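# Notes for the structure review
Spelled out, the chains give:
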Amino acid sequence: MKKIIKNILLGLLALLILVFLGFTAFIGRQVFKGYTNATSREETIKSIKEYKDSYAKIVDKYKVSKLKISKDSSDIKVPAILVQKEGNQNIAVLVHGMGGTKESMAFLVEGFLDIGYDVLAYDQRNSGENMADYNTFGVLESDDTLAVLSYIVPKYKEKYQDAKSILWGESYGGLTSIIAAGREDYYIDYLILDSSLSDGRILLEKVMEEATKGQDIPMSYLMAAGDWYSRFALGIKFSDFDGLKWIKNVRKPVLITNSNDDTLTPPYMAEDIYKSISHDNKELHLVDGYKHASFPKNANDEYMKIVEDFLKKYESQSEDVDENSQ
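This report concerns the structure included in the present document. (Residues numbered from 1 in each chain as written. Predicted model: local features only at pLDDT ≥ 70, side-chain atom pairs only at ≥ 80, totals over all residues. Heavy atoms only, no water.)

In terms of regular secondary structure, the protein chain is built from 13 helices and eight strands. Counting all 326 residues of the protein chain, 53% fall into the buried class. In the protein chain, 75% of the contacts between residues at least 6 apart in sequence involve partners at least 24 apart. (Helix = DSSP H or I, 4+ residues; strand = E, 2+ residues; numbered from the N terminus. Buried < 20%, exposed > 50% of the residue type's maximum accessible area, 1.4 Å probe, protein only. Contact = heavy atoms within 4.5 Å.)

What follows is the structure, encoded as structure tokens:
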């Protein structure tokens, strides 16, 4: 009798474990589906019309080439535009934020062209014409960034002896840029960030809090379940979303701007990024009176003056700063 009771209890325990694992898998999949398609590709395509006029002005005024940049071991190509101005010998790669596309970068193009930098803007994965699935807080997105950099920068370096390169990213694209530069900054002379997300887990928790409002599910459990499922589905850990660990690897000069009035990426994120940079070739500019990622657009002259001054200051210091970081 005791053996029967023991077997029943063991069976019930096994059943409970299976139910728990099944529920955890379900929760993990829901978290995964939520963050990997935070803004659908269709939504980003619809938003292109918002930038139609500013993009048309760029096309009318400058040489614009449409590119499809191949990635190693992938059938998916990265759609990009290259905007060139006669006499320019440098290149800036622009990485748009969540919900944006290469066309949404039109407001910034002319400013860089005027200070001697041609511009390459591309569609991040699951945005615009980029057919790659899943948003991953810059982790898989950084593959595209590195593919773009390794394609365009050598062309300028080979053609112009003193050519310089900038990697510029805003908001979600800022985190992509941080991760890409943290993985490999060989093709980068300067890293410039505006309103950058410092850690994708912070935004993910906010989204989950809103989605599960009124439900008694611990955040720690949601994060653990989502992390587990993400590892299984894509081989990505939630700790990979932490831009602060990646920025420590960046050896090139870094410029960071953010608004004190930004509620999506509050100024503490910019300050955390700045403090985590392991060398002294860095600048942080906090401004007042601007919403998220709007300073470069609404005060473009002021913003570009900050950028130009930064580039001039560190022009002779854009080589590796290993000695300063030790």
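That was the structure; now back to the text.
Now for the packing of aromatic side chains. For the structure on display, the rule yields 17 aromatic pairs. Relative to Tyr-172, the ring of Phe-137 lies with its centre 5.7 Å away and its plane at 40°, an arrangement referred to as tilted. Taken together, the positions of Phe-137 in the loop between strand S4 (117-122) and helix H5 (141-159) and Tyr-172 in helix H6 (residues 172-183) put the pair 35 residues apart, joining distant regions of the chain. As far as burial versus exposure is concerned, Phe-137 and Tyr-172 are alike and both buried. (Phe/Tyr/Trp six-rings, centres within 6.5 Å; stacked < 30°, edge-to-face > 60°.)

Any empty space left between atoms is shown by rolling a water-sized probe over those atoms. Estimated volume of the largest pocket: approximately 400 Å³. As for the largest pocket, its lining consists of 21 residues, of which Gly-97, Met-98, Glu-170, His-292 and Ala-293 are closest to the centre. Of the residues belonging to the lining of the largest pocket, the class tally is ten nonpolar, nine polar and two charged. Considered as a void within the structure, the second largest pocket measures approximately 320 Å³ in volume. Every residue lining the second largest pocket is counted, 19 residues in all, and those nearest its centre are Gln-30, Val-31, Val-207, Met-208 and Ala-211. (1 Å grid on protein atoms, 1.4 Å probe; cavity = no way out; pocket = protein on both sides within 12 Å on 5 of 7 lines; lining within 4 Å. Points joined across faces, edges and corners; volume = space filled by probe spheres on them. Nonpolar A, V, L, I, M, F, W, Y, C, P; charged D, E, K, R; others polar.)

Another aspect to go through is unusual backbone geometry. Non-glycine residue Asn-126 carries a positive phi angle of around 60°. For Asn-126, the location among the structural elements is in the loop between S4 and H5. Judged by relative accessible area, Asn-126 falls into the buried class, the value being 4%. Positive phi outside glycine occurs at Tyr-134, with the angle close to 75°. Tracing the backbone shows Tyr-134 in the loop between S4 and H5.

Taken N-terminus to C-terminus, the directions of helix H7 (residues 200-211) and helix H8 (residues 219-234) make an angle of 120°; their axes are 11 Å apart at the nearest point. As H7 runs across H8, the sense of the crossing is right-handed. Judged by residue contacts, Arg-201, Leu-204, Glu-205, Met-208 and Glu-209 of H7 engage Met-219, Leu-222 and Met-223 from H8. Tallied by class, residues from the contact of H7 with H8 come to five nonpolar, no polar and three charged. (Axes fitted to C-alpha atoms, helices over the stretch in contact; angles between N-to-C directions. Left-handed = near helix turned anticlockwise from the far one by under 90°.)

This part is about the pairing of strand S8 (residues 282-287). Taken residue by residue, a regular strand's side chains alternate between the two faces of the sheet. Direction of pairing for strand S7 (residues 254-259) relative to S8: parallel, over a ladder of six bridges. Across the sheet, the residue bridging to Asn-258 is Leu-286, located in S8. The β-α-β motif built from S7, the intervening helix H10 (residues 267-276) and the parallel element S8 has right-handed crossover chirality. (Pairing = 2+ DSSP bridges. Right-handed = clockwise from strand over helix to strand, strands pointing away.)

Here we come to the nonpolar core. Buried together is how nonpolar side chains tend to be arranged in soluble globular proteins. Among the nonpolar cores identified, the biggest contains 56 residues, and Leu-120 and Leu-204 are the most heavily contacted of them. What Leu-204 contacts, discounting residues up to four positions off in sequence, is Val-31, Tyr-35, Phe-137, Met-223, Phe-238 and Phe-241. Within the second largest apolar cluster, 32 residues are counted, among which are Tyr-117, Leu-255, Val-287 and Phe-295. (Core = buried A, V, L, I, M, F, W, Y, C linked by side-chain atoms within 4.5 Å.)

Before going further, it helps to spend a moment on the environment of Pro-296. Mapped onto the elements of the fold, Pro-296 is located in helix H11 (residues 295-298). Judged by relative accessible area, Pro-296 falls into the buried class, the value being 1%. Through-space distance from the C-alpha of Pro-296 to that of Gly-111 is 9.7 Å; in sequence the pair is 185 residues apart.

This model, assessed by the stated rule, comprises one cavity of 30 Å³ or more. Together, His-96, Gly-97, Met-98, Gly-99, Gln-124, Arg-125, Ser-127, Asn-135, Glu-141 and Tyr-172 line the largest cavity. Of the residues that constitute the lining of the largest cavity, the class distribution is two nonpolar, six polar and two charged.

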